[in-house]
Every structure is written in structure tokens, then in C-alpha cells.
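# Coordinate inspection notes
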Amino acid sequence: MKNNFLVLFILTLVFILTAGLTVGAQEYKIGISQFVEHPALDSAREGFIQGLVEAGFNEEKIEFIEQNAQADFATAQSIAQQFRSNDLDLILAIATPNAQAAANVITETPVLFTAVTDPVEAGIVDSMEKPGGNLTGTTDMNPVAQQIELIKEFIPEIKDLGVLYNPGEVNSVVQVDIVKETAKAMGIKLHEATVSNSSEVSLAASSLVGDIDAVYVPTDNIIVSALPSVLQITNQNKIPVFASENGQVRQGAVATLGIDYKLLGIQTGKMAARVLNGADPSEMPVESSKELKLYLNTKAADNLDLEIPAAVLDRANVIYEEITQE
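Here goes a summary of the coordinates provided. Please read all numbers here as calculations on a predicted model, not as lab measurements. (Residues numbered from 1 in each chain as written. Predicted model: local features only at pLDDT ≥ 70, side-chain atom pairs only at ≥ 80, totals over all residues. Heavy atoms only, no water.)

A count of helical and extended segments in the chain gives 13 helices and 13 strands. Principal-axis analysis of the C-alpha atoms gives the chain an extent of 85 × 45 × 35 Å. Residue pairs at least 24 apart in sequence account for 71% of intrachain contacts in the chain once pairs closer than 6 positions are excluded. With an accessible surface of roughly 14500 Å², the chain has 50% of that area assigned to carbon and sulfur atoms. (Helix = DSSP H or I, 4+ residues; strand = E, 2+ residues; numbered from the N terminus. Contact = heavy atoms within 4.5 Å. Areas by Shrake-Rupley, 256 points an atom, 1.4 Å probe, with all protein chains shown as cover.)

Attention now moves to the pairing of strand S5 (residues 135–139). With five of its five residues buried, S5 lies for the most part within the structure. Where strand S4 (residues 111–116) and S5 come together, four bridges link them in parallel fashion. Within S5, the position partnered with Val111 by the bridge is Leu135. (Buried < 20%, exposed > 50% of the residue type's maximum accessible area, 1.4 Å probe, protein only. Pairing = 2+ DSSP bridges.)

On to the packing of helix H2 (residues 39–54) against helix H11 (residues 261–276), then. Geometry of a packed helix pair, given as the angle between the helix axes and the separation of the axes. Interaxial distance between H2 and H11 falls to 6 Å at its minimum, and their mutual angle equals 40 degrees. The angle between H2 and H11 falls in the class oblique. Both H2 and H11 take part in a crossing whose hand is right-handed. Touching Ala40, Ser43, Ala44, Glu46, Gly47, Phe48, Gln50, Gly51, Leu52 and Glu54 of H2 are Tyr261, Lys262, Gly265, Ile266, Thr268, Gly269, Lys270, Ala272, Ala273 and Leu276, all from H11. (Axes fitted to C-alpha atoms, helices over the stretch in contact; angles between N-to-C directions. Parallel < 35°, antiparallel > 145°, perpendicular 65-115°, else oblique. Left-handed = near helix turned anticlockwise from the far one by under 90°.)

Moving on to the packing of aromatic side chains. Across all of its chains, the model carries four aromatic pairs by this definition. Between Tyr28 and Phe57, the ring centres sit 5.4 Å apart and the planes meet at 65 degrees, which makes this aromatic pair edge-to-face. Of the two residues, Tyr28 sits in strand S1 (residues 28–34) while Phe57 sits in the loop between H2 and strand S2 (62–68), which places them 29 residues apart along the sequence. Taken individually, Tyr28 and Phe57 each receive the classification buried, so the pair is uniform in this respect. Pairing Tyr295 with Tyr320 gives two aromatic rings, centres 6.4 Å apart and planes at 5 degrees, and the pair type is stacked. Of this pair, Tyr295 sits in strand S12 (residues 293–297) while Tyr320 sits in strand S13 (residues 318–320); the two residues are 25 residues apart in sequence, bridging distant segments of the chain. Per residue, the accessibility class of Tyr295 equals that of Tyr320, and both read buried. (Phe/Tyr/Trp six-rings, centres within 6.5 Å; stacked < 30°, edge-to-face > 60°.)

Let us now look at the environment of Ser229. Take Ser229: it is sitting in helix H9 (residues 227–236). Along the chain, Ser229 and Leu203 lie 26 residues apart, while their C-alpha atoms are 9.5 Å from each other.

This next bit is on helix H6 (residues 170–185). Spanning 16 residues, H6 covers 23 Å between terminal C-alpha atoms, matching the ideal 22 Å at 1.5 Å per step. Buried within H6 we find Asn171, Ser172, Val174, Gln175, Val176, Val179, Thr182 and Ala183. Contacts from the buried residues of H6 go to helix H4 (96–105), helix H5 (144–154), strand S6 (160–165), strand S7 (189–194), strand S8 (214–216) and helix H8 (221–225). Gly187 lies just past H6 and shows a positive phi near 75 degrees. (Expected span 1.5 Å × (residues − 1).)

The next thing to look at is the sheet that holds S12. Pairing between sheet strands relies on hydrogen bonds along the backbone, with the strands arranged either parallel or antiparallel. With respect to topology, three strands assemble into an open sheet ordered S10-S12-S13, the strand pairing being mixed. Lying at the two open borders of the sheet, with one neighbouring strand each, are strand S10 (255–258) and S13. Strand after strand, the sheet turns through a mean of 15 degrees between neighbouring axes, direction not considered. Relative to S12, S10 runs antiparallel, the two sharing four bridges.

Strand order in the open sheet formed by four strands is S7-S6-S8-S9, and the pairing between neighbours is parallel. This sheet does not close on itself; its edge strands, each paired only once, are S7 and strand S9 (241–242). Across six bridges, S6 lies against S7 in parallel orientation. Among the inter-strand pairings, Leu161 is bridged to a residue of S7, identified as Leu190. Against the sheet, H6 contacts S6, S7 and S8, and its axis sits at roughly 170 degrees relative to S6.

Core analysis: the biggest nonpolar cluster contains 77 residues, and Ile30, Phe48, Leu52, Phe113 and Leu164 have the highest contact counts within it. When we break this core down by domain, the ones giving at least three residues each are domain 1 (28–141 + 260–288) and domain 2 (144–259 + 292–320). With sequence-adjacent residues up to four places away left out, Phe113 is seen in contact with Leu92, Ala93, Ala99, Pro119, Ile124, Val125, Leu135, Thr136, Gly137, Thr138, Thr268 and Val286. Counting residues in each nonpolar core, the second largest holds 29 residues, with Ile158, Leu190, Ile308 and Ala316 among its members. (Core = buried A, V, L, I, M, F, W, Y, C linked by side-chain atoms within 4.5 Å. Domains from an automatic or database assignment.)

What follows deals with unusual backbone geometry. Within the chain, Ala115 stands out as a residue other than glycine whose phi angle is a positive 60 degrees. By the element assignment, Ala115 lies in strand S4. Phi at Asp305 takes a positive value of approximately 55 degrees, unusual for a residue other than glycine. Secondary-structure assignment places Asp305 in the loop between helix H12 (298–303) and helix H13 (310–315). Classification of Asp305 by relative accessible area gives exposed; the value is 68%.

These figures come from the coordinates and say nothing about function on their own.
Shown next as C-alpha cells:
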């Protein structure tokens, strides 16, 4: 009886060790398609890799093929075409345009996406509960209405709010529609300035000066990638900028109630690990951020002579005391 138990124990131990060595020894090729470089998307990419590692994958056994569209929609499509012909185990698409590009041409390789605001409206998945194809991932839908309410806390007498965005990004249009509805309900007049590329951002920001009390920046990839240009103009004119995510606050926006893109990336990486282990993306619901935080930049507020309400300061989760140009 003891011998039988010992044999069973040894066999079980060998099986566990062999399985572990097999997983650790297997090599993977993962393509990463990112729309543009800015702190939020960069953090999501870093988090994705961390999430895979936390799920038990050996980073040294993964070949990451990283491509960046540099905010060009045609380049995003080219990357998707390239990845379709590569022998990849999985693809990560960061931001709505790149996820749309992948959805248009890649049908066999599993695709995980992140930093996509409304994947249903963007035509990426059939539904949030059952994506229905080879794509699933995480949404970065923000609490837009609450973010506008936060602006009202800082500036109770606000009458005019500016918003900068690219109408060519579905994710931006979805957010701005919520801003319009919220601002109207609060009696705030919304002033829109639109761009189609980063070279137009400075002019668009300048066009709002003189008409507004504050600026709201959604998670628009064109605007966020050129945020220093926006802040240069708004700071010169003592106009506070309120953000949609924490990377913008680190760069000099005053505040936001938003998600942490590093954590969102980690969440996506763990979903990717499940897919690599055999899960079907079509049956994996799109996930949203599990945590919202209130971010403040006291240096940005001081530079504008803007008082941070005590109630806001008391409930802040993260306070930046310096401005970081990333």
C-alpha cells in the first residue's frame, strides 16, 4: 500500500513538473499593433506584457513584434495586413483604429484589444457579452459624465466648456456625445474644436481661447499624443484642462476621475494568457476596468491659480506634485 502511494506520488510530481517545463519551454510570437505613442497607450502595452508574466508565461520565450501606426489610419491597416501574413500565435491591438484594422482583415489569429472605448459601436465585436469572432479584450470607456461633474466642482460658475477631438475616431465621438448630453443638462455651453491630425491641434486649441472657462480632453489619440501643445496654449491663457485619464494629469492637466491604463493592460494580458491556453475569444466577454481613481495635479492647479476644493482633495487617490513631460 505504501509502495503504491509512493509510485502515485512520484508519477503525479513528474506530471506536474513536465507540464510546467512544457509551458515554460514553449515559444510564442505575439504581434503588438499600437496606434500612436502616448503615456496611456504605452502603459497599456507595458501592462499587457506584465499580465502575461503574472499569468505564468516566460517573457524570454515570447517574441514580441511591435509596430506603431504613428497616428496614421492607413498605416494601422498596413500593420494588420502584415500581421495577417505572419505566423503569429496572438495579436494585441492597442486603441480603436488598430483594433478596427485588425477586425477588418484578420480572421484566424486570436486578437486581443485594449484602450477601445466602444467595441460594439466600432464594429469590432458583436456584443460585449459574446464577441462572436476572433477578437475580445478590454474597454477603456470612461465615466465621462462624472468627469464633467468634477469640472463643475472646481469651477461652480462654469458656463462655457471646450472640447478637443478627432471626429474620425469612433471612440472620441462616443465620448463627446456623452459630454454634449451632460453639459446640456448642467446648463453648460459646449464649444467643439476638431482635428484630423496632430499638426492641427495647436490651431484647434487656440481657436477656443476667449470663449471658454475650461477644456475637457477625452481619450482621443490624436489630441493626447499632442497634449503638450494644448497645455502650452491653455497655460498661457490661464485655462484649466481636465483630463480623461491619469497620463494627461501627470503631464499637466488638473484632474480626472479615470482608469489606470497599466492595470487595464495587465487585465488584457491575463485574458491573452487564457486564449493562449486554449480559451475561445468568441465566448470571452469584453472586460472593463475594475478600478477608478481620482487623480490630481497640484502643480498644474497652482500654476493656474486654481483652488482645489477641499472635498476633492480629501477623496483624491493619487496626487501628483510635479508636471512630467512624457
